[in-house]
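Fold and geometry: a report
Now for the letters of each chain:
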Amino acid sequence: MVPMCKEIQKKLVSFIRFKERGDTLNEKRKSDRILSRSAGTGMRFRGFYKNKSSRCSLSKIKKKFNEDDAVILEATLVNSSKTLESCVVQSRSNNEAEDNLAQNRLDYFDEQVNLIECQETFIHEEPEESKSAKSDWTRRTNEIYKDWAAVKQDFLEAFVSSKSFATSWCADCQAPLLQCYISCDNCRMKRCEKCDQAFHKCHPFHLRTFYEKEISRILLPEQFILSGQVVACDVPVPCFPVMFSCQTRDCLTAFSLAAGKRRVVIITERVRFDLHSCVFQCATCGEKKDANEADYVVSGWWPTLARNGSYFVSSTLLKNI
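So, here's what we can say about the structure. (Residues numbered from 1 in each chain as written. Predicted model: local features only at pLDDT ≥ 70, side-chain atom pairs only at ≥ 80, totals over all residues. Heavy atoms only, no water.)

1. Concerning the packing of aromatic side chains
In plain terms, the rule: For this analysis, a ring pair means two rings from Phe, Tyr or Trp (six-membered ring only for Trp) whose centres lie within 6.5 Å, classed as stacked if their planes differ by under 30 degrees, edge-to-face if by over 60, and tilted for the remaining angles. Helix numbers and strand numbers start at the N terminus; a helix is a DSSP run of H or I with at least 4 residues, a strand a run of E with at least 2. Here's how the labels work: a residue is buried when its accessible area is under 20% of the maximum for its type, exposed when over 50%, partly exposed in between, all with a 1.4 Å probe on protein chains only.
Taken as a whole and assessed by the stated rule, the structure comprises 6 aromatic pairs. An angle of 70 degrees between the planes, with centres 4.9 Å apart, marks the rings of Phe205 and Phe273 as edge-to-face. With Phe205 in the loop between helix H4 (193–200) and strand S5 (208–212) and Phe273 in strand S10 (residues 272–282), the pair connects residues that are 68 residues apart, well separated along the chain. With respect to class, Phe205 is no different from Phe273; both count as buried.

Right, dumping it as structure tokens:
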């Protein structure tokens, strides 16, 4: 705004000076024409005194200057007035916005102060029942914490001792276990070598651990203990028994499960198990029959391929997906 006003002032001053200078020159010209020897004779217009340089009329210059500058000056004044008005309006609006913002901040601070005062009043006026309930909860929490702190060491020692060898007895044959035993996490039992092999060949999905006096190791489904050494045995996939007739004899007796030659993988919700295919063996004549995909489906093992599949998924896992 300040540079614009200064520029307008400069133009006005120059215009006034030029006007005064023009008036002075005009008076001088008039006096010169009166004193001239050709004054009133019209000789200038008839061709005489052509050697004198012709000049534009001062009145024309003045008139042209007045018209052009008047238009420019009027437009400049209008624009400057509009600019002044807009600046005044903008400054007023900015001042009003600042005042509103300050007032809003004061209102917010007042609300916060009132809220804090209400909270302090509520805390001071808290009923005795809630105070007693809080004190009871704090007391019970402290008691529970003290109880856990008191038995923490005992629980830790019990956990560590469970992972080491300790003399016991077999859960099936009641034989004393003085050198080693097999502990099953699913059965929650300790067994000797013979009882463990007889039982877990039919339950290959149990998690077992072999314990000796100095070492312990996790056993795979087809690993068993013989004379204190780990040996591998073929374990078939457990399947439901089916009725089939022998091709050589019409035997209708019971049959047992045996391990086939094909390796299969059973995928359960817990882990993967590598086993052998299932074979049905007649108890009378000894004839064998390989279980097909339908037999596995009946037993809850769904094949990944329609024929000759080596991967089977547990139906429990499929239900949980």
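There is more to say after this.
2. Re the pairing of strand S6 (residues 216–219)
We count it as follows: Two strands form a pair only when DSSP identifies at least two bridges running between them.
In the sheet, S5 pairs with S6 via 4 bridges, with the strands oriented antiparallel. When the sheet's bridge partners are listed, Phe210 is paired in S6 with Arg217.

3. Considering the state of the cysteines
Stated precisely, the cut-off is as follows: Note on disulfides: each one is a pair of cysteine sulfur atoms within 2.5 Å.
One pass over the structure, following the stated rule, counts 0 disulfides. Looking at Cys239, it has no disulfide partner, and the nearest cysteine sulfur is the one in Cys278, 4.1 Å off.

4. With respect to unusual backbone geometry
Not every positive phi belongs to a glycine, and Arg188 is a case in point at roughly 60 degrees. You can see Arg188 is positioned in the loop between strand S3 (180–184) and strand S4 (189–191). Among the residues examined, Arg188 registers a relative accessible area of 67% and is labelled exposed.

5. Looking at the layout of surface pockets
Going by this rule: Buriedness of a pocket was judged along seven lines, with at least five required to meet protein on both sides within 12 Å; pockets are open sets of points on a 1 Å grid over the protein atoms alone, cavities are sets where a 1.4 Å probe fits but cannot get out, and lining residues have an atom within 4 Å of a point. Grid points are joined across faces, edges and corners, and a volume is the space filled by probe spheres set on the points. Each residue gets one label: Ala, Val, Leu, Ile, Met, Phe, Trp, Tyr, Cys and Pro are nonpolar, Asp, Glu, Lys and Arg are charged, and the others, such as Gly, are polar.
As a volume, the second largest pocket reaches approximately 240 Å³. Forming the walls of the second largest pocket are 16 residues, and the residues nearest its centre are Leu207, Leu219, Leu220, Pro221 and Phe273. Every element with two or more residues in the lining of the second largest pocket is listed here: S5, S6 and S10. Examining the composition of the lining of the second largest pocket, we find that 3 residues originate from one element, S10, more than from any other. Of the residues assigned to the lining of the second largest pocket, the class counts are 8 nonpolar, 2 polar and 6 charged.

6. What to know about the sheet that holds S5
For the record, the criterion: Between N-to-C directions, angles span 0 to 180 degrees; the directions come from axes that are lines fitted to C-alpha atoms, helices contributing only their stretch in contact. Only heavy atoms enter the contact rule, under which two residues are in contact if any of them lie within 4.5 Å.
The antiparallel open sheet is built from 4 strands, whose spatial order is S4-S3-S5-S6. Two strands lie at the open edges of the sheet, namely S4 and S6, each paired on one side alone. On average, each strand axis in the sheet is inclined to that of its neighbour by 30 degrees, with strand direction left out of account. Strand contacts of H4: S3, S4 and S5, with the helix running at about 115 degrees to S4, the strand carrying the most contacts.

7. Focus: H4
Going by this rule: Here, the arc refers to the directions that run from the helix axis to the C-beta atoms.
For H4, the set of buried residues is Cys195, Asp196 and His200. One side of H4 holds all its buried residues, which, seen down the axis, span an arc of 105 degrees. Exposed and oriented more than 90 degrees from the buried face of H4 are Lys194 and Ala198. Where H4 is buried, its residues meet S3, S4, S5 and strand S7 (223–226).

8. What to know about the nonpolar core
How we decide: Among the buried residues, those of types Ala, Val, Leu, Ile, Met, Phe, Trp, Tyr and Cys that are joined through side-chain atoms within 4.5 Å form a nonpolar core.
Counting 16 residues, the largest nonpolar core has Val237, Cys239, Ile266, Leu275, Tyr296 and Trp301 as its most contacted members. If you list the elements that add at least two residues to this core, you get strand S9 (255–267) and S10. Per-element accounting of this core gives the leading share, 4 residues, to S10. Formed by 7 residues, the second largest nonpolar core is a distinct cluster that contains Phe165, Leu177, Cys192 and Cys195.

9. Thoughts on the pattern of salt bridges
Using the following cut-off: Basic side-chain nitrogens of Lys or Arg form a salt bridge, by our definition, when they fall within 4 Å of a carboxyl oxygen of Asp or Glu.
On inspection of all chains with the given rule, the structure shows 6 salt bridges. Here Asp172 and Arg191 are joined by a salt bridge, their closest N and O atoms 2.9 Å apart. Placement of Asp172 in the loop between strand S1 (168–169) and strand S2 (176–177) and of Arg191 in strand S4 is noted, with a sequence separation of 19 residues between them. For Asp172, a relative accessible area of 40% puts it in the partly exposed group. Residues joined in a network through salt bridges with shared partners are Asp136, Arg139 and Glu143.

10. A short note on the side chain of Thr209
On the secondary structure map, Thr209 appears in strand S5. In this structure Thr209 comes out as buried when scored by relative accessible area, which is 13%. Sequence-distant contacts of Thr209, that is, excluding residues within four places in its chain, are made with Tyr181, Ile182, Ser183, Ser216, Arg217 and Ile218.

11. Thoughts on the side chain of Asp196
With respect to the helices and strands, the residue Asp196 is situated in helix H4. When neighbours within four sequence positions are excluded, Asp196 is seen to be in contact with Ile182, Arg191, Lys201, Arg208 and Phe224.

12. Quick look at the sheet that holds strand S12 (residues 301–303)
Adjacent strands of a sheet pair through backbone hydrogen bonds, lying either parallel or antiparallel. Pairing in this open sheet of 5 strands is mixed, and the strands run S11-S10-S9-S13-S12 from one edge to the other. Whereas interior strands pair on both sides, the edge strands pair on one side only; in this sheet they are strand S11 (288–290) and S12. Across the sheet, the mean angle from the axis of one strand to that of its neighbour is 50 degrees, orientation sign disregarded. Two strands pair when backbone bridges link them, and S9 and strand S13 (residues 311–314) are joined in this way by 3 bridges, in the parallel orientation.

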